[in-house]
Amino acid sequence: MEQFNWWVIVPVFAALIALRWRRTSMLTWFAAWWIGMFLVVRYGFTVPVPMSVVKLYMGLVTAALVAYVLTDAGRIREVTEPLAAFMTERRYLPYLAAVALFIPAAVAFGIYRDMTRVPQPPSFARTIHPATPAEPIDVHGTSYDLGTADNPYRELEETDPAAFKARVENGRKIYYENCFYCHGDVMAGDGMFAHALNPIPTNFQDPGTIAMLREAFLFWRIAKGGPGLPAEGGPWASAMPAWENFLSEDEMWNVILFLYEFTGHRPRAVELH
Amino acid sequence: MRRPDLLREAAAGSGCAPWRLVRRLAVPSLLLLLPSVAGAQDLERGKAVYDKYCSQCHGETGDGKGIAASRLRPEPRDFTAGKYKVRMTPTGQLPTDQDIRNAIRKGLGFPYTAMPPFDRGLIDDAELDDLVAYLKSFSSAFADPDAQRQPIDIPAPPPYTPAGAEAGREVYERTGCAACHGNVGRGDGFSAPTLRDDWGQPIRVADLTKPWTFRGGGRREDIFRTMSTGFAGTPMPGFHGALPPEDIWAITDYMLSLSGGPQEGDTVEAPYANVVRAVVVDQPIDLAAADELFAAAPPALFPLLGQIVEPGRDFYPSVVEVAVQAIYNQDEIAFRVSWHDMRAETTGHNAPDLPVPSWEEQLAETGGAAADEESGGDEDDFWGVGTEESGEEESADDFWGVEESGGAGDDFWGTGDEGGATTPDKEFSDAVAIQFPQAMPQGVVKPYFIFGDAQNPVDLWFADLGKVARDPAAAEITEADLWTGRGSAAMTPNDAGDVPEVVARYQEGEWSVVFKRKRRSRGGLSFNPSTFVPIAFSVWDGFNRERGNKRALSAWFDLYLEPFERPNPLPAMAKAFGGVLGLEILLIAFVRWRRRRTAPASADAARPATAYESS
């Protein structure tokens with residue numbers, strides 16, 4: 001439920017319900033719905049919705065509202081009557097003139113903004129967690145089927161806590177010799193080199209990262225790094241090193257144990273099919 | 001995002017060697033904290049927090065030798081010495097508890113040192129107090145309850161004025177800051193390469209033109225405090241009592257004027273960019289007079305990181321950012337890349353394909369000297385001279401013999417030293433490269449940011465400053481090297497492409513390297529107006545023995561060529577204005593005409609859709 005801005009959504013719908021109840025004119029109702037829907041689409045989500053998507057939704061909302069009005073002659077009259085009055089009656093003349101000038105001025109301003117806007121570099125929406133390779137991967141001569149592979153030392157947690165602790169400690173050493181420059185001293189993706197990188201290093205404290213991944217996925221990402229990503233992950237820009245160049249398999253599994261131990265997250269279990 | 005309860009888990013789960021705790025707790029708690037029974041408890045809690053968040057750098061015993069220490073410069077602080085840089089107390093006094101709290105909350109110039117700010121919701125105020133007590137327990141200096149820790153007063157600052165800043169320049173020159181910080185504050189003073197801290201480590205002088213990198217903060221009050229109390233354990237002196245406060249404010253403002261004046265707000269932001277915009281110049285690009293042409297080009301500051309992705313890692317690169325400008329005309333395009341360097345290395349050579357031993361091998365090469373502080377007497381250069389042949393003992397600019405007290409013989413800035421003669425000649429020269437994709441990317445795919453990949457090669461415009469600027473004052477115009485990169489293990493000289501011209505100059509601590517090439521190229525990349533071109537940079541500091549893959553590098557950024565002609569928006573605006581207004585008038589006329597014809601009450605003939613379309 002964190003993806004919604006409730007303090008936008010709740011007041012908008014409260015206002016719309018209140019309007020219905022107060023039986024305002026069809027034109028006000030129409031405008032209120034249009035604005036209300038705009039606010040919800042644009043500001044109702046914690047992750048900002050791109051303007052192109054907002055435009056698409058507002059097109060749909062407009063079509064739906066128009067269709068609703070058109071289905072009944074009474075509603076049509078309720079909407080057109082005030083508009084026609086605005087355009088014809090003498091007492092509205094100054095307002096009409098103002099509106100008639102405002103609209104083309106706004107359009108012209110829009111064009112000015114478009115033509116003088118400083119162009120922004122093309123952006124690339126990378127897939128953060130692409131599917132693992134279907135083929136088994138080779139790490140230091142061992143073949144791993146990522147669909148079924150799992151951390152061989154995870155079970156020590158139950159069977160041999162002392163050995164497990166030693167492995168976590170080894171993982172800690174590896175992390176603070178190699179990883180914290182990017183992923184940060186508390187794994188929040190804010191290491192001392194992070195400001196120079198795009199995409200930024202993953203924040204492991206975030207429940208959207210290692211908490212929803214399997215250890216074999218991490219093993220693949222750690223062993224093969226940025227260059228091992230498929231095209232949708234943007235392998236050319238990721239600074240994540242391919243750690244098979246530096247670390248043994250054991251060390252990679254150990255550092256994975258430490259990532260979970262330090263953050264308090266649990267890995268997603270392997271689904272057996 | 002961050003979970004404060006992490007900490008409680010840490011506290012619960014920390015099983016530490018009990019004897020160490022006893023030793024640590026016994027002495028100071030008896031001396032200091034006897035009156036409060038809770039004191040011991042506090043240290044225990046402080047230890048739990050410390051072990052989880054600090055010991056990996058500062059070491060379990062507070063000696064600054066944690067896991068990460070050997071790969072960090074400056075090294076994590078050794079708390080046993082009781083020397084703290086950022087203090088409100090005058091030179092010679094211990095810091096106040098509040099000073100230590102501030103250091104922990106604000107960090108020490110992060111990310112330009114590894115000391116991060118702990119303002120991230122992990123440590124609450126009570127735990128912070130425990131932590132401070134625990135840090136103090138590492139050093140016997142704090143055991144004396146009568147030790148003076150009297151903060152200085154910071155008088156209210158006078159308003160910042162350019163005239164005041166200009167007056168500060170005079171004070172700066174008179175006070176002798178330039179001997180370390182350089183004539184215009186770029187960290188290139190003549191004694192800069194010789195400085196060491198109290199732990200025998202080489203220490204880099206601060207670049208006063210970059211307040212965002214300051215350990216003690218870059219706001220006016222921060223700088224006033226730094227200059228007043230100095231940094232304990234380093235050569236940076238305190239001027240409290242030696243200079244009147246007006247003078248200290250004046251130098252502060254002079255310093256800030258070097259980066260465009262003080263910034264608003266509580267922190268000082270680095271003015272980093274992600275695009276460099278090439279502007280049009282309407283005359284031939286003459287490299288001998290490039291300065292004037294570049295005056296109109298807005299500089300873009302790009303952050304660099306140490307190359308720690310591939311073997312040949314550089315954990316503490318010297319250069320942390322480059323400023324870039326670009327200009328072009330019909331035929332040519334030129335770039336100016338500049339950065340601050342405390343010394344120009346123009347002897348030796350450099351190339352992007354030079355082999356670099358692994359980090360472990362680099363340490364082994366120094367014979368473990370890195371860890372061996374006893375091995376004094378060795379005459380070799382601790383910064384990392386690694387020439388095989390012994391050079392002349394006497395040399396015009398030989399700082400080494402002067403300041404050097406024949407110290408540790410270790411080589412921290414430049415691990416990989418084979419040891420050798422005392423000579424200012426460096427094996428590796430400074431160097432810089434601009435990297436472009438060899439062909440303009442179709443779609444989103446780019447070459448790998450570290451020297452390209454097999455499918456998508458990059459071109460490297462490479463300037464070995466030992467070659468093109470052997471006399472850095474001469475500003476001779478020569479040819480750059482052109483390399484093709486298909487990955488850092490597959491670097492080849494590119495003989496087919498258009499070779500850029502280059503001219504480099506080192507002045508007052510700044511390298512400024514200008515490259516120029518034909519704008520359109522047969523084989524390589526062409527630079528077209530109104531397009532974005534991926535661009536990246538690498539800088540090698542010969543002083544730090546950087547070569548090949550051991551270097552500072554950037555991620556991909558963008559170069560944008562401003563269009564030759566900016567289209568004038570007025571005609572399009574006028575057309576749109578007239579058109580929309582005309583439509584409105586037609587609509588209103590139509591509605592009025594209908595109204596007049598039909599009875600006012602029955603408007604059912606008016607077409608509503610038209611009404612909406614117009615709104």
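Here the structure is a predicted model, which means the values were calculated and not measured.

Caption draft 1: Geometry of the interface of chain B and chain A. Counting from both sides, the interface comprises 69 residues of chain B and, opposite them, 68 residues of chain A. Buried surface at the junction of chain B and chain A, both sides included, amounts to about 6100 Å², of which 68% is carbon and sulfur. Counting across the interface, chain B meets chain A through three salt bridges. The shortest N-O distance in the salt bridge between Glu81 of chain A and Arg595 of chain B comes to 2.8 Å. Where chain B packs against chain A, one counts 15 residue pairs in polar contact (both at pLDDT 80 or more). Listed by contribution, the elements that provide at least two residues to the side of chain B that touches chain A are α1 (5-13), α3 (38-53), α4 (55-58), β1 (275-280), β3 (305-306), β15 (557-561), α15 (569-597) and α16 (608-614) of chain B. The leading source of residues in the side of chain B that touches chain A is α15 of chain B, at 13 residues. Split into classes, the residues belonging to the side of chain B that touches chain A amount to 49 nonpolar, five polar and 15 charged.

Caption draft 2: Spatial organisation of the side chain of Asp51 of chain B. Tracing the backbone shows Asp51 of chain B in helix α3. A distance of 2.6 Å separates a polar atom in the side chain of Asp51 of chain B from a polar atom in the side chain of Lys47 of chain B.

Caption draft 3: Summary view of the side chain of Gln435 of chain B. Residues and elements named next belong to chain B. Examined against the element boundaries, Gln435 turns out to sit in strand β6 (residues 431-437). A polar side-chain atom of Gln435 sits 3.3 Å from the main-chain amide nitrogen of Phe451. The contacts of Gln435, once residues within four sequence positions are left out, are Tyr448, Phe449, Ile450, Phe451, Val458, Asp459, Leu460, Pro534, Ile535, Ala536 and Trp556.

Caption draft 4: Summary view of the nonpolar core. Counting 85 residues, the largest nonpolar core has Tyr175 and Leu218 of chain A together with Tyr53 of chain B as the members making the most contacts within it. Put simply, the parts of the chain that give this core at least two residues each are β1 (137-139), α7 (161-183), α8 (215-224) and α9 (249-263) of chain A together with α3, α5 (97-106) and α6 (125-137) of chain B.

Caption draft 5: The arrangement of the packing of α5 of chain B against α6 of chain B in detail. Residue and element names in this part refer to chain B. Axis separation between α5 and α6 bottoms out at 10 Å; the angle between their running directions is 115°. Judged by the inter-axis angle, α5 sits roughly perpendicular to α6. With respect to the hand of their crossing, α5 and α6 are arranged in right-handed fashion. On α6, the residues that touch Asp97, Ile100, Arg101, Ile104 and Arg105 of α5 are Asp125, Leu128, Asp129, Leu131, Val132, Leu135 and Lys136.

Caption draft 6: Layout of unusual backbone geometry. A cis amide bond links Asn198 of chain A to the next residue, Pro199 of chain A, at an omega of 5°. Although it is not a glycine, Phe451 of chain B sits at a positive phi angle of roughly 60°. Of note, Phe451 of chain B is situated in the loop between β6 and β7 (458-464). Although it is not a glycine, Arg545 of chain B sits at a positive phi angle of roughly 55°. Here Arg545 of chain B falls in the buried class, since its relative accessible area comes to 2%.

Caption draft 7: A look at the packing of α8 of chain A against α9 of chain A. All names here are of chain A. At their nearest, the axes of α8 and α9 sit 10 Å apart, and the two run at 125° to each other. The angle between α8 and α9 places the two elements in the oblique class. Considering how the two elements wind past one another, α8 and α9 form a crossing that is right-handed. Counting all contacts with α8, which are made through Glu215, Ala216, Leu218, Phe219, Ile222 and Ala223, the residues of α9 involved are Glu249, Met252, Trp253, Val255, Ile256, Leu257, Leu259 and Tyr260.

Caption draft 8: Quick look at the packing of aromatic side chains. Overall, the coordinates contain 49 aromatic pairs over all chains when judged by the stated rule. Each ring, one from Tyr448 of chain B and one from Phe449 of chain B, has its centre 5.3 Å from the other, and the planes form 80°; the classification is edge-to-face. Assigned by exposure class, Tyr448 of chain B and Phe449 of chain B land together as buried. The rings of Tyr175, Tyr176, Phe180, Tyr181, Phe193, Phe258 and Phe262 of chain A together with Tyr53, Phe118, Phe315, Tyr316 and Trp359 of chain B are connected pair by pair, giving a single aromatic cluster. Over the aromatic face of Tyr68 of chain A sits the side chain of Arg75 of chain A, whose NZ or CZ is 3.9 Å from the ring centroid. Cation over ring: Arg313 of chain B sits above Phe246 of chain A, and NZ or CZ is 4.0 Å from the ring centre.

Caption draft 9: Local environment of the pattern of salt bridges. Residues and elements named next belong to chain A. Evaluation of the coordinates by the stated rule reveals 37 salt bridges over all chains. One salt bridge in this structure joins Glu157 and Arg266, with 3.0 Å as the shortest N-O distance. Highlighted residues: Glu157 in helix α6 (residues 156-159) and Arg266 in the segment after α9, separated in sequence by 109 residues. You can call Glu157 partly exposed: its relative accessible area is 26%. Here Arg266 falls in the partly exposed class, since its relative accessible area comes to 48%. Between Glu244 and Lys224 there is a salt bridge, and its shortest N-O distance comes to 3.1 Å. Note that Glu244 is positioned in the loop between α8 and α9 and Lys224 in helix α8, a separation of 20 residues in sequence.

Caption draft 10: Structural context of the domain arrangement of chain B. Residues and elements named next belong to chain B. You can read the domains of chain B as domain 1 (39-143), domain 2 (162-266), domain 3 (275-354 + 431-536 + 547-561) and domain 4 (572-603). The gap between the C-alpha centroids of domain 1 and domain 2 is 24 Å. Facing the 20 residues of domain 1 at the interface are 17 residues of domain 2. Taken as a group, Lys83, Lys85 and Tyr112 account for 35% of the area that domain 1 buries against domain 2, more than any other trio of residues on that side. For the pair domain 1 and domain 2, the interface holds one salt bridge. Here Lys83 and Asp198 are joined by a salt bridge, their closest N and O atoms 2.8 Å apart. Counting the contacts that link domain 1 with domain 2 gives four residue pairs in polar contact (both at pLDDT 80 or more).

The rules behind each value
Residues numbered from 1 in each chain as written. Chains lettered and ligands numbered in written order. Predicted model: local features only at pLDDT ≥ 70, side-chain atom pairs only at ≥ 80, totals over all residues. Heavy atoms only, no water. Contact = heavy atoms within 4.5 Å. Buried area = accessible area lost by both parts, 1.4 Å probe. Salt bridge = Lys/Arg side-chain N within 4 Å of Asp/Glu carboxyl O. Polar contact = N/O pair within 3.5 Å; in protein donor to acceptor, adjacent residues only side chain to side chain. Helix = DSSP H or I, 4+ residues; strand = E, 2+ residues; numbered from the N terminus. Nonpolar A, V, L, I, M, F, W, Y, C, P; charged D, E, K, R; others polar. Core = buried A, V, L, I, M, F, W, Y, C linked by side-chain atoms within 4.5 Å. Buried < 20%, exposed > 50% of the residue type's maximum accessible area, 1.4 Å probe, protein only. Axes fitted to C-alpha atoms, helices over the stretch in contact; angles between N-to-C directions. Parallel < 35°, antiparallel > 145°, perpendicular 65-115°, else oblique. Left-handed = near helix turned anticlockwise from the far one by under 90°. Phe/Tyr/Trp six-rings, centres within 6.5 Å; stacked < 30°, edge-to-face > 60°. Lys NZ or Arg CZ within 6 Å of the ring centre and 35° of its normal. Domains from an automatic or database assignment.

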